[in-house]
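Spelled out from the first residue to the last, the chains are:
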Amino acid sequence: QQQQQQTQQREFHLPARAGSADSGGSSHEEVHEEHPPEEVVLTEHTIQLSKGIFFTGPDTAALTADSQAVLAQVAAFLQDHPSLRLVEIHGHAASSEVAQARADAVVQQLSQVGGVDPQRLQAVVGDDFGDNSTGSSNSTTSEHNGVPSEASLHIAQRHAAQLHDTGIHILEGVHFEPNTAVLLPRSHHVLRKVAELLQTHAGSDVLEIEGHSAKGGTVRLSQQRAEAVQHFLEQQGVPAARLHARGYGSSQPIAPDDTPEGRRQNRRVVFSFSHRRPSAPEQKESRSPSQPASASHSTDPFAAPPLVEIGDSQLRLNQPILFGPNNAVIDSRCTAIVQLVAQTLQSHPELIAIEVAGHSCDTGASESQDQFELGLSEERAQAVTAALVSHGVDHARLVSKGYGDTQPIDTNETRAGRNRNRRIEFLVRERVA
């Protein structure tokens, strides 16, 4: 019995959401999908661990060495999922003191050892402490080898998707069964958020659901996946007239296909707003990722715009550059768009002076917060400048500047407006004929 009491498991819980069904067809034509076994898996309501978390005794908060290793994997998972902005660690034990100590121990391990921002973690006593010795009836507490978990981690704040003027940017991707168009349950919450944003977004814009694959993938499978996403959104109440699914196959890579990470980035679903009428999917001429997006010209009048375009006064990005919350760390999912900006600048030496401008939003807070936002916008501009230099752009062509919240392009009264104001711009300060 004492050995059983030492068996503790952590689960990371998401708010319960309305049920839904998988959709889509299948194909065996895409042969480059790698799906290694995952130690930490995000499901519809929880983050499941393949191994349990153990304490050294029934009334202690000391983690075993194996449990510390598991929490290292959890920390890496949280760092890869910045949309999980606040995680509540609920401790469960025979006494509130032990429950609190266990929750504190997990927070300490994740932050001090795992490097997770402590502002994203909050330790609290679970409501059902004292019930675990006889088997908790709490539906959020799982079991491991028949023993109720002594703690659970609840997602208190989550930003799975963000609304922008060009479309909806998702932070965690849309996942399918390998080589099929069957949606995985762990992507349902992302698509529900997309549906929520569409239902609150005023306007007549059509959302184009772009299916993309890695090298070797086909237009057929990418089209099936886009249609599966469209069907799911329709099930959530989005009118079919506002949706248009289109598969592009491997014709629009954003990263090299010679690495698993590059193939993962290329295998994606993109949501872009358009006033264009739907057209049948068409295989476009394949473009090497070494070619800048701005140099891509399609004969298809209904093709999606390139990710980077050269305007008279600035480079226009059709995908935003995002950062971690309250820091200047470029989101790993935006690495490809930064690389495309660098490739575009290298292919256009006539753009001899570029200002990397960082902007933030006005939260209506104190003057000290305004100063923080100004400094953060400067740091983010510097981070992007450094990234461009690392990709081969001559530093002499670049200057970085932070503007804080002084140059809004939208209202600060809504989240969507604040997201638009919080941006990076590439301004052409000098060019030669």
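Residues numbered from 1 in each chain as written. Predicted model: local features only at pLDDT ≥ 70, side-chain atom pairs only at ≥ 80, totals over all residues. Heavy atoms only, no water.

A. Summary view of the confidence of the model for the protein chain. The pLDDT averaged across the protein chain works out to 75; a share of 72% of its residues lies at or above 70. Scored below 50 in pLDDT, residues 1-32 makes 120 contacts in the model with residues more than four places away or belonging to other chains. With pLDDT under 50 throughout, residues 276-304 is counted as low confidence; its partners more than four residues away or in other chains account for 62 contacts. (pLDDT = per-residue confidence, 0-100. Contact = heavy atoms within 4.5 Å.)

B. Representation of the environment of A69. Within the fold, A69 resides in helix α2 (residues 65-80). Taking C-alpha positions, A69 is 9.4 Å from I53, a pair spaced 16 residues apart along the chain. (Helix = DSSP H or I, 4+ residues; strand = E, 2+ residues; numbered from the N terminus.)

C. Expanded view of the pattern of salt bridges. Scanning all chains against the criterion turns up five salt bridges. Two residues, E196 and K193, come together in a salt bridge whose shortest N-O distance is 3.8 Å. With E196 and K193 both in helix α4 (residues 188-200), this residue pair falls three residues apart, about one helical turn. (Salt bridge = Lys/Arg side-chain N within 4 Å of Asp/Glu carboxyl O.)

D. Up close: α2. Relative to the 22 Å expected for 16 residues at 1.5 Å per residue, α2 spans 23 Å between its end C-alpha atoms, a close match to the ideal helical length. Taken together, the buried positions of α2 are S67, V70, L71, V74, A75, F77 and L78. Projection of α2 onto a plane perpendicular to its axis shows the buried side chains occupying an angular sector of 160 degrees, all on one side. Opposite the buried face of α2, by more than 90 degrees, sit the exposed residues A65 and D66. (Expected span 1.5 Å × (residues − 1). Buried < 20%, exposed > 50% of the residue type's maximum accessible area, 1.4 Å probe, protein only. Arc of directions from axis to C-beta.)

E. Representation of the nonpolar core in the model. In this structure, I168, V174, V194, V229, L233 and F271 are the most contacted members of the largest nonpolar core, which totals 26 residues. Among the elements that make up this core, the one with the highest residue count is α4 (six residues). The contacts of L233, once residues within four sequence positions are left out, are L191, V194, A195, L207, I209, V238, L243 and F271. Among the nonpolar cores identified, the runner-up in size contains 25 residues, and I321, V338, A342 and L388 belong to it. (Core = buried A, V, L, I, M, F, W, Y, C linked by side-chain atoms within 4.5 Å.)

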